[in-house]
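Given next are the chains, with one letter for each unit.
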Amino acid sequence: MMALPGGHHLDSVTLPGQRLHLMQVDSVQRWMEDLKLMTECECMCVLQAKPISLEEDAQGDLILAGGPGPGDPLQLLLKRGWVISTELRRIGQKLAQDRWARVHSMSVRLTCHARSMVSEYSAVSRNSSKEMGQIEKLLMEKCSELSAVTERCLQVENEHVLKSMKACVSETLSMLGQHFGQLLELALTREVQALVRKIDASDNIYTTESTTGNLFSLTQEGAPLCRIIAKEGGVVALFKICRQDTFRCLYPQALRTLASICCVEEGVHQLEKVDGVLCLADILTDDSHSEATRAEAAAVVAQVTSPHLPVTQHLSSFMESMEEIVTALVKLCQEASSGEVFLLASAALANITFFDTMACEMLLQLNAIRVLLEACSDKQRVDTPYTRDQIVTILANMSVLEQCASDIIQENGVQLIMGMLSEKPRSGTPAEVAACERVQQKAAVTLARLSRDPDVAREAVRLSCMSRLIELCRSPSERNSSDAVLVACLAMGIQLQVKKTKISALLWLLFWYVQGCSA
């Protein structure tokens, strides 16, 4: 990860079509590959840094597969930055293991990469600022200092002296990382500013499309870059696109980029300042827009109403347009032609139900329960646990309303929700397993809330709900080994017991649980 000022980190960076590769090659081949990137004056450094070694990790050195494209400062920064940040992390690991030979050789190589980044970026970028020049100088000084001190450490045999020198190396490495992070952030900020200015000034569809695509690629590199884009006017520029009819074909791309930027609070703040919610409402309620465009607008709504962002609770403009947005999203769910469109629309609805309780009442009036439950039997729209997670989230939040129970029974919802208690991952990936856990937990919570109504409780018992609860409690594999699902199932069982249903089965379940805990 790339360290940035303020304790932020930039995730491993890649660009579509030109990704970094790790190569397992011998020392000579590594040197030959590096010749593509290093200037002539650096060749001796590279040779010194890469002796033919029998160390078990010597074959794991990172190199760039092909150099950065000519005249592409952004790609150069991202590629070089990824390599340097990785080298910094690995030097720290070797330092902790007291492997001084490796620390020194990697420090020399780090100096090569840092010098290459500075010289190559200077060659392709506009005139550097005075601040950048100062940080470049500090960075290279620290690189030289690190190489020198690690070389001296190779000559020291006294453990006490080496221990004190290790603290010095650690401090130098830390300062080097800070200077590198500052330099990288400054350089990336300059490039983002150039992209935003280009979008603002362009009235050509192809230029705007290309520039917006570059901006979207940057958003995929992590939250720090999204903050830079928001700070430098990226949100304003993208909404400018979404307010011009001549750029209608670019709306989906611009909205997709906005959704990525709004994963950080700075992006949501900027959206609020430019009346972005009103623009999203206009797009969602305008049937002349394509389904793809409305789906991307729904994705932005889902992002800005995420319960994980505390700032969303202060979106005053959202309250003014909430009814229009909720109505449009329900319609989009009903008419969705694919699972992806339904997922985006339902995710937005799910987040809105957390955002304000009035949304649940609106959904009830819009017959959203019928729309969602009917979609559950349509494999074209609902075919993954991620989508069912959104549906059951909406139902769980709506189930606090007393009127909700009758609609659930009428639409055969109890049986469908019970079916979600059996959600199983297909691929076994951590993300899918986690989604299945959430579906099971929320299904149990929904049924527990709905069981306050005697009719729902009787229907649950008629459908052998207690048997499934007992199975979930007894077998960790049935609940994807989730304690959260276990607690939700016990809560549901207690709710059914309150309604005087299946008392003996519940007591058996609780007895088993107590026995299992004591064991």
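Residues numbered from 1 in each chain as written. Predicted model: local features only at pLDDT ≥ 70, side-chain atom pairs only at ≥ 80, totals over all residues. Heavy atoms only, no water.

(A) Highlighting the overall build of the protein chain. A tally of helices and strands in the protein chain yields 25 helices and two strands. Across the 519 residues in the protein chain, those meeting the buried criterion constitute 52%. A separation threshold of at least 6 residues defines the contact pool for the protein chain, and within that pool the share at least 24 residues apart is 74%. (Helix = DSSP H or I, 4+ residues; strand = E, 2+ residues; numbered from the N terminus. Buried < 20%, exposed > 50% of the residue type's maximum accessible area, 1.4 Å probe, protein only. Contact = heavy atoms within 4.5 Å.)

(B) How the structure looks around the side chain of Thr-293. Structurally, Thr-293 is set in helix α13 (residues 291–304). At 2.9 Å, the side chain of Thr-293 forms a polar contact with the side chain of Ser-290. Thr-293 has contacts with Tyr-251, Pro-252, Leu-255 and Ile-283, leaving out every residue within four places of it along the chain. (Polar contact = N/O pair within 3.5 Å; in protein donor to acceptor, adjacent residues only side chain to side chain.)

(C) Examining the nonpolar core more closely. Core analysis: the largest hydrophobic core is formed by 143 residues, its most contacted members being Leu-255, Leu-271, Val-301, Phe-318, Ile-325, Leu-329 and Ile-352. Of all the elements, helix α6 (residues 159–201) adds the most residues to this core, at 14 residues. Counting contributing residues per domain, this core is built from domain 1 (73–185) and domain 2 (202–366), each supplying no fewer than three. Beyond its immediate stretch of four places on either side in the chain, Leu-271 contacts Val-235, Phe-239, Cys-262, Gly-276, Val-277, Leu-280, Val-300 and Val-304. (Core = buried A, V, L, I, M, F, W, Y, C linked by side-chain atoms within 4.5 Å. Domains from an automatic or database assignment.)

(D) Molecular detail of the pattern of salt bridges. Under the definition given, this model contains 18 salt bridges. Of the charged contacts, one joins Arg-256 and Glu-296 as a salt bridge, the two residues approaching to 3.2 Å between their closest N and O atoms. In this pair, Arg-256 is assigned in helix α10 (residues 251–261) and Glu-296 in helix α13, connecting sequence segments 40 residues apart. Assessed through its relative accessible area of 34%, Arg-256 is described here as partly exposed. Among the salt bridges present, the one from Arg-438 reaches Asp-389, with a minimum N-O distance of 2.8 Å. One end of the pair, Arg-438, is in helix α21 (residues 430–450); the other, Asp-389, is in helix α18 (residues 385–398), and 49 residues separate them in sequence. (Salt bridge = Lys/Arg side-chain N within 4 Å of Asp/Glu carboxyl O.)

(E) Up close: the confidence of the model for the protein chain. Per-residue pLDDT for the protein chain averages 81, and the proportion of residues at 70 or more is 81%. The secondary structure element of the protein chain with the lowest average pLDDT is helix α2 (residues 43–49), at 42, and the one with the highest is α10, at 96. Segment residues 39–60: pLDDT under 50, and 39 contacts once partners within four positions in sequence are set aside and those in other chains are kept. For the stretch residues 62–70, pLDDT sits under 50, and the model shows 27 contacts to residues farther than four places along the chain or on other chains. (pLDDT = per-residue confidence, 0-100.)

(F) The arrangement of unusual backbone geometry in detail. At Asn-480, a position not held by glycine, the phi torsion is positive, near 55°. Looking at where Asn-480 falls in the secondary structure, it is placed in the loop between α23 (465–474) and α24 (483–498). Overall, the relative accessible area of 13% leaves Asn-480 in the buried class.

(G) Representation of the packing of helix α12 (residues 276–285) against α13 within the structure. Running from amino to carboxyl end, α12 crosses α13 at an angle of 145°, the nearest separation of the two axes being 9 Å. As α12 runs across α13, the sense of the crossing is left-handed. Every residue of α13 that contacts α12 at Leu-280, Ile-283 and Leu-284 is listed here: Thr-293, Arg-294, Ala-297, Ala-298, Val-300 and Val-301. Class assignment of the residues belonging to the contact of α12 with α13 gives a composition of seven nonpolar, one polar and one charged. (Axes fitted to C-alpha atoms, helices over the stretch in contact; angles between N-to-C directions. Left-handed = near helix turned anticlockwise from the far one by under 90°. Nonpolar A, V, L, I, M, F, W, Y, C, P; charged D, E, K, R; others polar.)

(H) Structural detail: the environment of Met-319. You can see Met-319 is positioned in helix α14 (residues 316–335). Setting aside residues no more than four positions away along its own chain, Met-319 makes contact with Phe-355 and Asp-356.

(I) Layout of the packing of helix α4 (residues 100–124) against α6. Orientation of α4 relative to α6, taken along the N-to-C sense of each, is 20°, at an axis distance of 13 Å. Relative to α6, α4 is oriented roughly parallel. In this structure, α4 crosses over α6, and the sense of that crossing is left-handed. Of the residues in α6, those in contact with Trp-100, Leu-110, Met-117, Val-118 and Tyr-121 of α4 are Leu-162, Lys-166, Val-169, Leu-176, Phe-180, Leu-183, Ala-187, Arg-190 and Glu-191. (Parallel < 35°, antiparallel > 145°, perpendicular 65-115°, else oblique.)

(J) Spotlight on the packing of aromatic side chains. Under the definition given, this model contains one aromatic pair. Aromatic side chains Phe-318 and Phe-355 sit 4.9 Å apart centroid to centroid with 75° between the ring planes, which places their arrangement in the edge-to-face category. With Phe-318 in helix α14 and Phe-355 in helix α15 (residues 339–355), this pair connects stretches of sequence that are 37 residues apart. For the residue pair Phe-318 and Phe-355, the accessibility class agrees, reading buried in each case. (Phe/Tyr/Trp six-rings, centres within 6.5 Å; stacked < 30°, edge-to-face > 60°.)

(K) Just α21, in detail. Here α21 contains 21 residues, and its C-alpha end-to-end distance of 30 Å stays within 8% of the 30 Å for a straight helix at 1.5 Å per residue. Taken together, the buried positions of α21 are occupied by Glu-432, Ala-435, Cys-436, Val-439, Gln-440, Ala-443, Ala-444, Thr-446, Leu-447, Ala-448 and Leu-450. (Expected span 1.5 Å × (residues − 1).)

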